[in-house]
Amino acid sequence: MKVLVPVKRVLDYNVKPRVKADGTGIDLANVKMSMNPFDEIAVEEAIRLKEKGVATEIVAVSIGEQKAQETLRTALAMGADRAILIVTEDRVEPLGVAKLLKAIADEEQPGLIILGKQAIDDDNNQTGQMLAALTGWGQGTFASAVEVTGDTVKVTREIDGGAETVELKLPAIVTTDLRLNEPRYASLPNIMKAKAKPMAQTTAADYGVDIAPRLTTVKVEEPAKRSAGVKVADVDELIGKMKALGVVA
């Protein structure tokens, strides 16, 4: 079974984002970028399926500028077999990403697509669901456990009330949550080997997909700073301040 794993190049989760002075977005100049953490989990899960003999090939896919090759090389160093980079200098919205992944799925015919439940830069949590709608495949979102048996996959997914297990007929789409696994570090020998693994480059036009944006970012701003707390002498003063703020009647 072939497994397709989309990965995204994002601002490293250890870096504090800086908003551009004009409020049009996040300043990405001279900052560390890395693979989206949820996508790292997806790559790790695909590798574990291959180690179990369930998957036979892992194909990593990324959509972005040429620098996204670094992210794909990381996936290859972790254990992916080959990579596809869809080159674009424009920001691609979740719907555009889903359409491109649908086109790749039609071409590659994977048995399973595993991707992060969301990207930490925009937190949309939309691509997996949109891809499922476009392909007509079953979906298991927010996965904390994945078990493939024959032509089905059981996905334990995290919900508000606890956990829910769904059984999907392959091919299917799974989006990963934090508790699914802990991604491995790529060893130096594997990093060197990754340089020799194949990486194809295409464009959205090659798939006949329109990725023109449908949304407009009006403004980006940092969260308001928390105001300093105050000490109160007794409970009566505390209740008085809470009433003044409208917290209690």
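Definitions and limits used
- Residues numbered from 1 in each chain as written.
- Predicted model: local features only at pLDDT ≥ 70, side-chain atom pairs only at ≥ 80, totals over all residues.
- Heavy atoms only, no water.
- 1 Å grid on protein atoms, 1.4 Å probe; cavity = no way out; pocket = protein on both sides within 12 Å on 5 of 7 lines; lining within 4 Å.
- Points joined across faces, edges and corners; volume = space filled by probe spheres on them.
- Nonpolar A, V, L, I, M, F, W, Y, C, P; charged D, E, K, R; others polar.
- Helix = DSSP H or I, 4+ residues; strand = E, 2+ residues; numbered from the N terminus.
- Buried < 20%, exposed > 50% of the residue type's maximum accessible area, 1.4 Å probe, protein only.
- Core = buried A, V, L, I, M, F, W, Y, C linked by side-chain atoms within 4.5 Å.
- Contact = heavy atoms within 4.5 Å.
- Expected span 1.5 Å × (residues − 1).
- Salt bridge = Lys/Arg side-chain N within 4 Å of Asp/Glu carboxyl O.

A. Local environment of empty space enclosed by the protein. With the rule as written, the count across this model stands at one cavity of 30 Å³ or more. Roughly 40 Å³ of volume is contained in the largest cavity. Considering the residues around the largest cavity, the lining is formed by Glu93, Leu95, Gly96, Lys99, Asp210, Ile211, Ala212, Pro213 and Arg214. Tallied by class, the residues present in the lining of the largest cavity amount to four nonpolar, one polar and four charged.

B. Unusual backbone geometry, seen in detail. Omega for the peptide link from Leu170 to Pro171 comes to 0 degrees, which places this bond in the cis form. One non-glycine residue, Asn125, lies in positive phi territory at about 55 degrees. Turning to its location among the elements, Asn125 is positioned in the loop between strand E6 (112-116) and helix H4 (127-135). On the basis of relative accessible area, Asn125 is assigned to the partly exposed category, the value being 25%.

C. View of the nonpolar core. One finds Val5, Val43, Leu112 and Val153 to be the most contacted residues of the largest nonpolar core, which totals 36 residues. In this structure, Val153 is in contact with Leu112, Val146, Glu147, Val148, Val166, Glu167, Leu168, Leu170 and Ala172, ignoring residues within four places of it in sequence. One finds Leu101, Ile173, Ala204 and Ile211 within the second-largest nonpolar core, a separate group that totals 24 residues.

D. Highlighting helix H3 (residues 94-108). Compared with the 21 Å implied by 1.5 Å per residue over 15 residues, the 20 Å span of H3 between its first and last C-alpha is a close match. When H3 is considered as a whole, its buried residues turn out to be Pro94, Gly96, Val97, Ala98, Leu100, Leu101, Ala103, Ile104, Ala105 and Glu108. Immediately beyond the C-terminal end of H3, within one or two residues, lies Gln109, with a positive phi of roughly 55 degrees.

E. The arrangement of the pattern of salt bridges in detail. Following the criterion strictly, the structure yields 19 salt bridges and no others. One salt bridge in this structure joins Asp12 and Lys32, with 3.9 Å as the shortest N-O distance. Here Asp12, found in the loop between strand E2 (9-11) and strand E3 (33-35), pairs with Lys32, found in the loop between E2 and E3; they are 20 residues apart in sequence, far enough to count as distant. When the shortest N-O distance is used, the salt bridge between Arg82 and Glu108 registers 2.6 Å. Highlighted residues: Arg82 in strand E5 (residues 82-87) and Glu108 in helix H3, separated in sequence by 26 residues. Relative accessible area serves as the criterion here: at 10%, Glu108 is assigned to the buried category. Where salt bridges share partners, they join Lys2, Glu57, Arg82 and Glu108 into one cluster.

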